[in-house]
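# Per-entry structural report
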Amino acid sequence: MRTIVAGNWKMNTDASSATALVDALVGKMGGQPGNVEVVIAPPFPFITQAVERAKGSGIIVAAQDCHQAEKGAFTGEVSATMLKSLGVGACIVGHSERRQYFGESDALIGEKVAALLAADIIPIFCCGERKEERESGRHFDVVTEQLKGALGKFTNAQLERIVIAYEPVWAIGTGLTASAQQAQDMHAHIRSLLHTHGASVAGAVPILYGGSCNPSNAEELFSQPDVNGGLIGGASLVAEQFMDLLRIAGKVKH
Ligand code: PEP
């Protein structure tokens, strides 16, 4: 199984600090464990410079969202084919902030996944329950619905090209982290859903954990058998912390 550590920069950095962060990561990439795929998702305006500066480093540059259509009258939007033409290799879709602030539905997110697959970009599909959903014991059902609602129509060959990120909403940017057992239980649940499509799908799709993951809690989280790496927000903005997370993932998944 692949191990992936992906950084979601969200709406942070500016032209010069984004370049400085890419340069810092590229400078530290030598000697990193080769068994970890490294992804960074800068804001749209800084993607071109990130792709240029990351060239040859092994870092995959991702986007944080895309539009579901290939082109057309959608002012302000960015298509998967545009991203592909820039050299983007992956794209986050269905992040809880997109669901919460922009009203994205599972059906819409599924359309975005389809657009990304058609453009040959790896979709990083986010799912996860809200605090009240966990407190009422509905977290497994919520995640099941998100997966079925967005990914239910894809073929096995398409599913095998997707990455899933489980991000409990109550843990994102809050400093609260799912316990290693909570993460493993949900990842095993997601794996069992993938298994209904066959062993090759279950064996091909990495499931990343996201939600206040940092160098002090990553070892325990990444050690769980169904946790195949992390989607990292805050800690991905500090080069040293992000590199520590890569080192930890490389060590525990060795
Ligand atoms: C995220 O938004 O994807 C995320 C995991 O954020 P943080 O690590 O800051 O909780």
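These notes cover the structure that comes with them. (Residues numbered from 1 in each chain as written. Predicted model: local features only at pLDDT ≥ 70, side-chain atom pairs only at ≥ 80, totals over all residues. Heavy atoms only, no water.)

## Describing the overall build of the protein
Of the regular secondary structure elements, the protein holds 12 helices and 8 strands. A compact globule built from 254 residues should have a C-alpha radius of gyration of about 18 Å, and the protein, at 17 Å, falls within 12% of that. Counting only residues that meet the buried cut, the protein has 52% of its 254 residues in that class. When contacts within the protein are restricted to residue pairs at least 6 apart in sequence, those whose partners lie at least 24 apart make up 72%. With an accessible surface of roughly 10,800 Å², the protein has 54% of that area assigned to carbon and sulfur atoms. Computing the positive centroid from 21 side-chain charges and the negative centroid from 26, the protein places the two 3 Å apart. (Helix = DSSP H or I, 4+ residues; strand = E, 2+ residues; numbered from the N terminus. Rg over C-alpha atoms; globule rule 2.2 N^0.38 Å. Buried < 20%, exposed > 50% of the residue type's maximum accessible area, 1.4 Å probe, protein only. Contact = heavy atoms within 4.5 Å. Areas by Shrake-Rupley, 256 points an atom, 1.4 Å probe, with all protein chains shown as cover. Lys, Arg positive; Asp, Glu negative; His and termini not counted. Charge placed at Lys NZ, Arg CZ, Asp CG, Glu CD.)

## A look at the pairing of strand β3 (residues 59-63)
Of all 5 residues that make up β3, 4 are buried, and the element is covered over most of its length. As paired strands, strand β2 (residues 36-41) and β3 are joined by 3 bridges and run parallel to one another. Paired with valine 38 across the two strands is isoleucine 59, which belongs to β3. This β-α-β element, β2 to helix α2 (residues 47-54) to β3, shows right-handed connectivity. (Pairing = 2+ DSSP bridges. Right-handed = clockwise from strand over helix to strand, strands pointing away.)

## With respect to the sheet that holds strand β6 (residues 163-166)
Strand order in this closed barrel of 8 strands is β1-β2-β3-β4-β5-β6-β7-β8, and the pairing throughout is parallel. Sheet twist, expressed as the mean angle between neighbouring strand axes with direction ignored, is 25 degrees. (Axes fitted to C-alpha atoms, helices over the stretch in contact; angles between N-to-C directions.)

## A few points about the site of the ligand
Not every one of the 14 residues close to the ligand is listed here, only the nearest: Lys10, His95, Glu167, Gly173 and Ser212. The backbone of serine 212 places a nitrogen or oxygen atom 2.7 Å from an oxygen atom of the ligand. Here an oxygen atom of the ligand sits 2.8 Å away from a polar atom, N or O, in the main chain of glycine 233. Considering the ligand on its own, with 290 Å² of exposed area, one finds that the protein chains cover 95% of that surface. Considered class by class, the residues forming the shell around the ligand number 4 nonpolar, 8 polar and 2 charged. (Near = heavy atom within 4 Å. Polar contact = N/O pair within 3.5 Å; in protein donor to acceptor, adjacent residues only side chain to side chain. Nonpolar A, V, L, I, M, F, W, Y, C, P; charged D, E, K, R; others polar.)

## Looking at the side chain of glutamate 167
With respect to the helices, strands and loops of the structure, glutamate 167 is situated in the loop between β6 and α9 (180-195). Lysine 10 provides the closest opposite charge to the buried, salt-bridge-free glutamate 167, at an N-O distance of 6.7 Å. In terms of polar contacts, glutamate 167 uses its side chain to reach the side chain of histidine 95, at 3.4 Å. Setting aside its immediate chain neighbours within four residues, glutamate 167 contacts His95, Cys126, Cys127, Gly128, Ile172, Gly210, Gly211 and Leu231. (Salt bridge = Lys/Arg side-chain N within 4 Å of Asp/Glu carboxyl O.)

## Some details on helix α12 (residues 239-252)
Taking 1.5 Å per residue, 14 residues should reach 20 Å; α12 reaches 20 Å between its end C-alpha atoms and fits that length. Ala239, Phe242, Met243, Leu245, Leu246, Ile248, Ala249 and Gly250 are the residues of α12 that are buried. The elements touched by buried residues of α12 are β1 (3-8), α1 (15-28), β2, α11 (218-222) and β8 (229-232). (Expected span 1.5 Å × (residues − 1).)

## Digging into unusual backbone geometry
Of note in the backbone geometry, lysine 10 takes a positive phi value of approximately 55 degrees without being a glycine. Note on placement: lysine 10 falls in the loop between β1 and α1. Positive phi, normally seen in glycine, also occurs at aspartate 120, with a value near 60 degrees. Its location among the elements puts aspartate 120 in the loop between α5 (106-118) and β5 (122-127). Among the residues examined, aspartate 120 registers a relative accessible area of 49% and is labelled partly exposed.

## Side note on the environment of arginine 130
Mapped onto the secondary structure, arginine 130 falls in the loop between β5 and α6 (131-135). Expressed as a C-alpha distance, the spacing of arginine 130 and glutamate 167, which sit 37 residues apart in the sequence, is 9.5 Å. Excluding residues within four positions of it along the chain, arginine 130 makes contact with Val169 and Trp170. In this structure the side chain of arginine 130 is engaged in a polar contact, spanning 3.1 Å, whose partner is the side chain of glutamate 132.

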